[in-house]
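Coordinate inspection notes
So you can see what is in the structure, the chains are spelled out below.
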Amino acid sequence: MRMTVIGCGYLGAVHAASMAQLGHDVVGIDVDEAKIAALAGGLPPFFEPGLPELLDRALATGRLRFSTDMADARGSAVHFVAVGTPQQPGALAADLTYVHAAIDALAPMLEPGDLVAGKSTVPVGTARAIAARLADTGALVAWNPEFLREGFAIQDTLHPDRLVYGLPDEAPDVARAVLDEVYAATIADGTPVVATDLETAELVKSAANAFLATKISFINAMAEVCEAAGADVTQLADAIGHDARIGRRFLNAGLGFGGGCLPKDIRAFMARAGELGADQALTFLREVDQINMRRRSRAVDLAREALDGSVLGRKIAVLGLAFKPDSDDVRDSPALNVAAQLALQGAAVLCHDPRAIEPARHRFPELAYVETVADAVRDADAVLVLTEWDEYRELDPVALGQDVAQRIVIDGRNCLDSGAWRAAGWRYRALGRPREARALQAA
Ligand code: NAD
């Protein structure tokens, strides 16, 4: 099938390459010339495991190309829209400028019967407005929200938990048949399809992200209570997670969520609910957001407490900048936020990340970055682990202890073996685990 993917960022580049892998003839279109040149040369402009190999394979088939010219969308049967929908500056709502610009540029290229399939995360009602805007082209509009996780994006695109189709009222069967053909191989693998109307499909995505954010903030709220009560949040999570109705996944207390999706998506959801007169239904998301943001300040407080009340002039190694491991995405990254707060409070912060140094430097050029963990920790007064990369989980606390000025570690993700670190003489502190601090005082 011939198809277009408009917007070749974290979502669109993976989608375009994956669709070519499934046998389709794909053109990826983006306004960013540097990004398109990199992708056309087989070099992803961001880190995603497996993407360089997938791009190479797909480009070699001749079924994948990249362009900055929307005219190349002509002749495609399906046009996926995967452009960014960031938070509006100074407001909670989503900024739909890029979606509207993409649709305006695409409109003259459309033929009657084409399907425009939105993948971007948008406020409910957007798809219907786009359908009205495109009515005179004869194209159909569907919404096919995306649930991929960065770090697992290829697996999630080729083998998603489910496919969601928001179908147009006027010809749902036609749109469904097109999407079924796009995803024929995925469906043949047993992926369930939930076919519904446009509004429900848009809301499925918002609701899924709101639920995930709530689950993370729930356990982080428990971490706050554990800190006050002298309990251990990781043991609490293990214990409640055994209940199948609760489940252990997404119950890791720590620095909380960040990235280009959850924070802006729950805010956009609140803003949209307000416009619809349903703001009361989502006021709890404000609390979810606040619990999440408090974790960042708490990590800074832990560092200050561990350093006897002030970080001024203290040398701090920050390990981890990406908002999650296996990604170089630093959009609204809790780790980067903590690093910046410490630097602003006068600490000499040396930052390391296996993949995200350049994107982090781009956002915060004033922070100091080093290429190796050894360079970050040398003579450090405290080591903060803020993204749970395997490289950090596997650090040898005995060897590392030789290089630092003081053996103080703050585990911002509850990802280290506290026993091993303490046995190696480290003062180990973590969010939601004050007993670790008490064990230290008793030792
Ligand atoms: P991104 O910023 O990495 O990519 C967006 C791309 O769109 C950029 O390359 C940008 O240059 C391009 N673009 C902007 N305006 C354009 C236009 N008029 N024409 C063509 N291209 C244009 O963002 P992303 O992370 O890929 O997210 C894209 C959308 O997908 C968002 O709505 C996001 O919420 C949603 N989403 C993202 C993920 C994820 O894990 N990244 C997962 C699910 C859903």
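See the structure above.
Some words on the packing of aromatic side chains
Counted by the stated rule, this structure contains four aromatic pairs. When the centroid spacing of 4.4 Å and the interplanar angle of 35° are considered together, the rings of Y10 and F46 count as tilted. Of this pair, Y10 sits in helix α1 (residues 10-21) while F46 sits in the loop between α2 (33-40) and α3 (51-61); the two residues are 36 residues apart in sequence, bridging distant segments of the chain. Just as Y10 is buried, F46 falls in that class too. The interplanar angle of 55° and the centroid separation of 6.5 Å between the aromatic rings of F80 and Y183 together place this pair among those described as tilted. Here F80, found in strand β4 (residues 78-81), pairs with Y183, found in the loop between α7 (172-182) and α8 (184-188); they are 103 residues apart in sequence, far enough to count as distant. Residue classification places Y183 among the buried residues on the basis of a relative accessible area of 2%. An aromatic cluster is defined as three or more aromatic residues linked by ring pairs; in this entry it consists of F80, Y165 and Y183. The lysine or arginine in question, R162, covers the ring of F147, its NZ or CZ lying 3.7 Å from the ring centre.

Considering the pairing of strand β5 (residues 115-118)
Side chains L115 and A117 of β5 all project onto a buried face; the interleaved residues V116 and G118 project onto the opposite face, where all are buried too. With four bridges joining them, β4 and β5 adopt parallel strand pairing. Following the sheet pairing, V81 is matched in β5 by G118. Between the parallel pair β4 and β5, the chain is carried across by helix α4 (residues 97-106), and the sense of this crossover is right-handed. In this view, the connection linking β5 to its parallel neighbour strand β6 (residues 140-143) by way of helix α5 (residues 126-133) has right-handed handedness.

What about the packing of helix α12 (residues 283-306) against helix α13 (residues 334-344)?
Between α12 and α13, the least distance of the axes is 9 Å, while the angle of their chain directions is 45°. If you check the angle between α12 and α13, you find them oblique. The two elements α12 and α13 cross, and the hand of that crossing is right-handed. Between α12, through R296, S297, A299, V300 and A303, and α13, the contact on the second element is made entirely by P334, N337, V338, Q341 and L342. Residue composition of the contact of α12 with α13, by class: six nonpolar, three polar and one charged.

Criteria and thresholds
- Residues numbered from 1 in each chain as written.
- Predicted model: local features only at pLDDT ≥ 70, side-chain atom pairs only at ≥ 80, totals over all residues.
- Heavy atoms only, no water.
- Phe/Tyr/Trp six-rings, centres within 6.5 Å; stacked < 30°, edge-to-face > 60°.
- Helix = DSSP H or I, 4+ residues; strand = E, 2+ residues; numbered from the N terminus.
- Buried < 20%, exposed > 50% of the residue type's maximum accessible area, 1.4 Å probe, protein only.
- Lys NZ or Arg CZ within 6 Å of the ring centre and 35° of its normal.
- Pairing = 2+ DSSP bridges.
- Right-handed = clockwise from strand over helix to strand, strands pointing away.
- Axes fitted to C-alpha atoms, helices over the stretch in contact; angles between N-to-C directions.
- Parallel < 35°, antiparallel > 145°, perpendicular 65-115°, else oblique.
- Left-handed = near helix turned anticlockwise from the far one by under 90°.
- Contact = heavy atoms within 4.5 Å.
- Nonpolar A, V, L, I, M, F, W, Y, C, P; charged D, E, K, R; others polar.

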